[in-house]
Amino acid sequence: MKIDFKKLVPHIIAIAIFALVAMVYCKPSLNGKVLNQHDTQGWRGMAQQSFEVKEKTGSFPLWTNSMFGGMPTYQIAMGGTSNIGAGIEVVRNAFSLWLPEPMSFFFIASLCFYILCIVLGANPWVSIFGGLAYAYSTYNPIIVSVGHNTKMMSLAYAPMIIAGLQLLFKRKYIVGFLITALFAAFTIGQSHLQVVYYLFIIAGCITVAFFINAYKEKNMLHGLKASALALAAGLLGLAVCAGSIMPTYDYAKETMRGGKSQLTLNASDSSTNKTKGGLDKDYALRWSLGKMETFTFLVPGLYGGSNGGNEHTADSKTVEKFGEVGVPEENALGALNGYSYWGAMSSLSETTSGPVYLGAIVCLLFL
């Protein structure tokens, strides 16, 4: 088989651009700096007891008292390796060019969306723009900055699963099956099943549209074959991650997420007693944007910015007005930053780090 190197040039350039942009964007990490990730610090604190036990005994304990009222340790720290896991890790590191975190997050997201664009038939140069737009929309740096690494990596790998499905539907059965299975394992292995859930919905919609088209073209046999391979690939990816997914599935049945709780409400609140079902809807959607906040895709400041950082400076007119009535500058600045977001997640006891801005140009091109 003869390789046309001229056709590879745009793809090589794309990879180089993605790596370079990731390194420039995350340049402080090259100087030895690390992100102050709130959630990562919280996890380390909860898992510290388990790591100390491992240092003394050589293995993680099966139970920890450092989370809630006590829970299985495998939810926050679990040992064990396998040949399959080690092999997948090598492939994953190679796919990221062995770039360190957080560079690898943005590089992988760019590359995966670029490949999806190519599979969909887009021009390589347009696909480069698509990859960068997907990886660097504001939501991704925000979740990385607070430590939602597994969510970021799930979002980064997700386009490859859609690309694998598209290849299956285009009769490229072998490569489509391999890509779908491999990246299903990558994505599910992050254990951020919320992203997997949404990805499943997207895949389902794509499959329904494909079947409608196959029916119109009287080619249902191809549709069934492609769908069967897609299902097999997804199950294979799930099986690879069964060591972490199945214990979580069993444990969830005994938690409030599975509808169980030793806590009960007063009789007057029996209508909202959640011990007989799953999570309360408000609790489950607590960190969800409001419906109108969808427009922050286009206008980032529609509901303010963040209320947990340094959104404003001491030069603000509001701080000046506070000063006129005797409020110290530091207190005025803290109050202003605390109220600089007024969307659906707004609360004095909760913070959010910024809007989900996709880009005005990106939204225009989408339309």
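Everything here concerns the structure above.
Residues numbered from 1 in each chain as written. Predicted model: local features only at pLDDT ≥ 70, side-chain atom pairs only at ≥ 80, totals over all residues. Heavy atoms only, no water.

Participant: So what exactly am I meant to see when it comes to the overall build of the protein chain here?
Facilitator: What the protein chain contains, in helices and strands, is 16 helices and two strands. By principal-axis analysis of the C-alpha atoms, the protein chain measures approximately 75 × 50 × 50 Å. Among the 367 residues that make up the protein chain, the fraction classed as buried is 34%. Taking contacts inside the protein chain between residues at least 6 apart in sequence as the whole, the part at least 24 apart equals 66%. Accessible area of the protein chain: about 22600 Å², with a carbon and sulfur share of 65%. Each charge sign in the protein chain was given a centre, from 26 positive and 20 negative side chains, and these centres are 16 Å apart. (Helix = DSSP H or I, 4+ residues; strand = E, 2+ residues; numbered from the N terminus. Buried < 20%, exposed > 50% of the residue type's maximum accessible area, 1.4 Å probe, protein only. Contact = heavy atoms within 4.5 Å. Areas by Shrake-Rupley, 256 points an atom, 1.4 Å probe, with all protein chains shown as cover. Lys, Arg positive; Asp, Glu negative; His and termini not counted. Charge placed at Lys NZ, Arg CZ, Asp CG, Glu CD.)

Participant: So what exactly am I meant to see when it comes to helix α15 (residues 329–338) here?
Facilitator: Along an α-helix, residues three or four positions apart point the same way, because every turn accommodates 3.6 residues. When α15 is considered as a whole, its buried residues turn out to be Ala332, Leu336 and Asn337. The arc enclosing the buried residues of α15, seen along the axis, measures out at 130°, which places them on a common side. Contacts from the buried residues of α15 go to α14 (317–324). (Arc of directions from axis to C-beta.)

Participant: How should I be thinking about the state of the cysteines in this particular structure?
Facilitator: Throughout this description, disulfide means a covalent bond between two cysteine sulfur atoms. All chains considered together, the criterion is met by zero disulfides. As a non-bridged cysteine, cysteine 117 has cysteine 112 as the owner of its nearest cysteine sulfur, 11 Å distant. With a relative accessible area of 13%, cysteine 117 lands in the buried category. Counting only cysteine sulfurs, cysteine 117 is the nearest neighbor of cysteine 205, a cysteine outside any disulfide, at a range of 19 Å. (Disulfide = S-S within 2.5 Å.)

Participant: Would you mind showing me how to read empty space enclosed by the protein here?
Facilitator: Here the idea is plain: a probe the size of a water molecule rolls over the atoms and shows the empty space left. Inspection of the entire model under this criterion finds one cavity of 30 Å³ or more. Its boundaries defined by the atoms lining it, the largest cavity holds a volume of some 60 Å³. Around the largest cavity, the lining is made up of 13 residues, and of these Glu293, Gly305, Tyr341, Gly354 and Pro355 lie nearest the centre. Here the residues of the lining of the largest cavity sort into seven nonpolar, five polar and one charged. (1 Å grid on protein atoms, 1.4 Å probe; cavity = no way out; pocket = protein on both sides within 12 Å on 5 of 7 lines; lining within 4 Å. Points joined across faces, edges and corners; volume = space filled by probe spheres on them. Nonpolar A, V, L, I, M, F, W, Y, C, P; charged D, E, K, R; others polar.)

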